[in-house]
Amino acid sequence: MVTRALGQLGIAAALLAAPAALAQSRTPPLQVSANGHYLAAGGKPFFWLGDTAWLMLERLDRAETERYLAKRAKQGFNVLQVMVLHSPKQTNRYDAPALDNGDPAHPRTTPGANPARAGQYDYWDHLDWVADRAAAHGLYLALVPSWGSLAGEGPLNEKTAPIYARFLAERYRRHPNIIWLNGGDTPGDKNVATWQAMGRTLKQYDPRHLVTFHPFGRTDSSWSFHAAPWLDFNMFQSGHRSYDQEDPGARSEDNWRFVAEDWARTPTKPTIDGEPSYENIPHGLHDLTAPRWTADGVRRYAWWAVFAGAFGHTYGENSVMQMYVPGKNNPAYGAKLRWDVALDEPGANQMRHLKTLMLSRPFFEHVPDPALILDNGERYDRVLATRGRSYAMAYTYTGRPFRVRLGLISGRQVRASWYSPRTGETRAIGSFANSGERLFTPPGTPAPGNDWALVLDGTAPRHR
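Residues numbered from 1 in each chain as written. Predicted model: local features only at pLDDT ≥ 70, side-chain atom pairs only at ≥ 80, totals over all residues. Heavy atoms only, no water.

Comments concerning the packing of helix 6 (residues 160-172) against helix 7 (residues 192-205)
The criterion, for reference: For helices, the fitted axis covers only the stretch in contact; all axes are lines through C-alpha atoms, and the angles between them, taken along N-to-C directions, range from 0 to 180 degrees. Strands here are runs of E lasting at least two residues and helices are runs of H or I lasting at least four, both read from the DSSP assignment and numbered beginning at the N terminus. In these notes the angle categories are as follows: under 35 degrees is roughly parallel, over 145 is roughly antiparallel, 65 to 115 is roughly perpendicular, and the rest is oblique. By convention, the crossing between two helices is left-handed when the near helix turns anticlockwise from the far helix through less than a right angle, and right-handed when the turn is clockwise. Residues count as neighbours in contact if any of their non-hydrogen atoms are within 4.5 Å of one another.
Close contact between helix 6 and helix 7 brings their axes to 8 Å; oriented N to C, the two are set at 30°. For the element pair helix 6 / helix 7, the angle class is roughly parallel. As helix 6 runs across helix 7, the sense of the crossing is right-handed. Only Thr 194, Ala 197, Met 198, Thr 201, Leu 202 and Tyr 205 of helix 7 make contact with helix 6, whose side of the interface consists of Ala 161, Pro 162, Tyr 164, Ala 165, Arg 166, Leu 168, Ala 169 and Glu 170.

Printed below as a string of structure tokens:
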């Protein structure tokens, strides 16, 4: 098995690691912006457009990894969320184990890093290569050191976590494109001492890279760790349940509520939906007869979160997150498509339009402003709004008419247009006085998935 797997490296063996200077220029280390709500890269706005690639290290070889990286970079993604340890017996496609005897305190390393020689290309050599190739494509790796199931009764605890975290921090701090996702789909109020030790150690030995906590479904890192010095930004998992599957009063599909709550917390820290409903996954995950989330749903999660004040968004697709191959892997959550086919699902190709629009205006100055919408609705009829000094935007998922309060941005006149989250198309509406209120009626027939973003730009200075 090892010999055959190593033989598959022929296509990729000629690929060289990205030079350090090139990696630094393509992926400068991320920082929290001066206002505390967003991220910056090299002083410029960084809009996190993430993809969920949990099992990439376990299931893809070099050639497949290269194909995946190139595709996601072309589609506008810039962050990949990847699991380092899924289980104590974690191996990669080359049968290289991550740990000695399943012990996080003893990562298995070997001399050399030659993929053409058995025994010289260990698990961590492969992750080194992946980090370098990701940087060459302008991609950041948001690494989950250990899935939450390894804590508690597992081998990750207060004693082993600091040893393992120090190994990771010292080995990967040279890579400019690393982000640490402590936790791993786990409640923040369980095994707290282990996660605190992991976070503190990562920040102590790798202070230049950002650290957060990836929590359990429908929970937020801020609930347990907002004040922790090692937590640079918050991450919540809005989860995969629909309105009718959630307990009354829960945030459920209203992921914008997590953002609004985090926006108001002190000290100020950025926040993001790190795991919304994945495209092609069943509502609630486990009932394979339930409806599946489609492109319109994943768009709504993204636009709601960002217009509520998130610094970006993470997309996920059922087959891609597990790198599923029919006939080879056991499918989780009813996955059907081969992972490389699923890369072109509609939602994945539509995510870029949100990033494009947000970066087309002064990004650091925009703030959520519910007061822009005068007749807001509930659930799918909710309209989320954001504005900068001279522009405002409002997103409707159903395309229903809604009334907007004018006069909140600069300019005597405003120029209005509709922007399509599905195509990136812009349709001009016209110009009018920047005062009073106005009814806007999106194109098409109101229905879930007929989503549009209203864009208002001030066109002349206002007289004082």
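A few points about the sheet that holds strand 19 (residues 413-419)
Note the cut-off: Note on pairing: two strands pair once DSSP finds at least 2 bridges between them.
What the six strands build is an open sheet, ordered 15-16-17-22-19-20; its pairing is antiparallel. Whereas interior strands pair on both sides, the edge strands pair on one side only; in this sheet they are strand 15 (367-368) and strand 20 (426-433). Examined bridge by bridge, strand 19 and strand 22 (residues 452-458) share six bridges and lie antiparallel to one another. Paired with Trp 418 across the strands is Leu 454, a residue of strand 22. Strand contacts of helix 10 (residues 295-308): strand 15, strand 16 (383-387), strand 17 (391-396), strand 19 and strand 22, with the helix running at about 145° to strand 17, the strand carrying the most contacts.

Focus: helix 7
Here is the rule: A helix is expected to span 1.5 Å multiplied by its residue count minus one. Think of it in three bands: residues with accessible area under 20% of the maximum for their type are buried, residues over 50% are exposed, and the middle band is partly exposed, with areas taken using a 1.4 Å probe on protein chains only.
A rise of 1.5 Å per residue sets the reference length of helix 7, with its 14 residues, at 20 Å; its end C-alpha atoms lie 20 Å apart and thus fit the reference within 8%. Within helix 7 the residues assigned to the buried category are Thr 194, Trp 195, Ala 197, Met 198, Gly 199, Thr 201, Leu 202 and Lys 203.

Focus: the confidence of the model for the chain
Defined as follows: A residue's pLDDT is simply how confident the predictor is in it, with values from 0 to 100.
Looking at the chain, pLDDT values average 93 and 94% of them are 70 or higher. Confidence over residues 1-18 falls short of pLDDT 50; this stretch has 25 contacts with residues more than four positions distant or in other chains.

A short note on the sheet that holds strand 8 (residues 140-144)
Taken together, the six strands give an open sheet; going across it, the order is 10-9-8-5-4-14, and neighbouring strands pair in parallel fashion. With partners counted over all chains shown, the strands left at the sheet margins are strand 10 (211-215) and strand 14 (312-315), one partner each. Across this sheet, the average inter-strand angle for adjacent strands is 25°, counted without regard to direction. In terms of strand pairing, strand 4 (residues 48-52) meets strand 14 through four bridges, oriented parallel. Counterpart to Leu 49 in the pairing with strand 14 is His 313.

Here's the deal with the nonpolar core
To keep things clear, this is the line we draw: Nonpolar core, defined: a set of buried Ala, Val, Leu, Ile, Met, Phe, Trp, Tyr and Cys residues in which side-chain atoms within 4.5 Å join the residues together.
Judged by nonpolar contacts, the single largest core of 59 residues is most densely connected at Trp 48, Ile 179, Trp 303 and Phe 307. Per-element tally for this core: the top contributor is helix 10, with nine residues. In this structure, Leu 139, Tyr 164, Ile 178 and Trp 230 belong to the second largest nonpolar core, which totals 52 residues.

Overview of the packing of helix 4 (residues 62-74) against helix 5 (residues 123-136)
Running from amino to carboxyl end, helix 4 crosses helix 5 at an angle of 25°, the nearest separation of the two axes being 10 Å. Relative to helix 5, the element helix 4 lies roughly parallel. For the pair helix 4 and helix 5, the sense of crossing is right-handed. Residues Arg 62, Thr 65, Glu 66 and Leu 69 of helix 4 form the contact with helix 5, whose participating residues are His 126, Trp 129, Val 130, Arg 133 and Ala 134.

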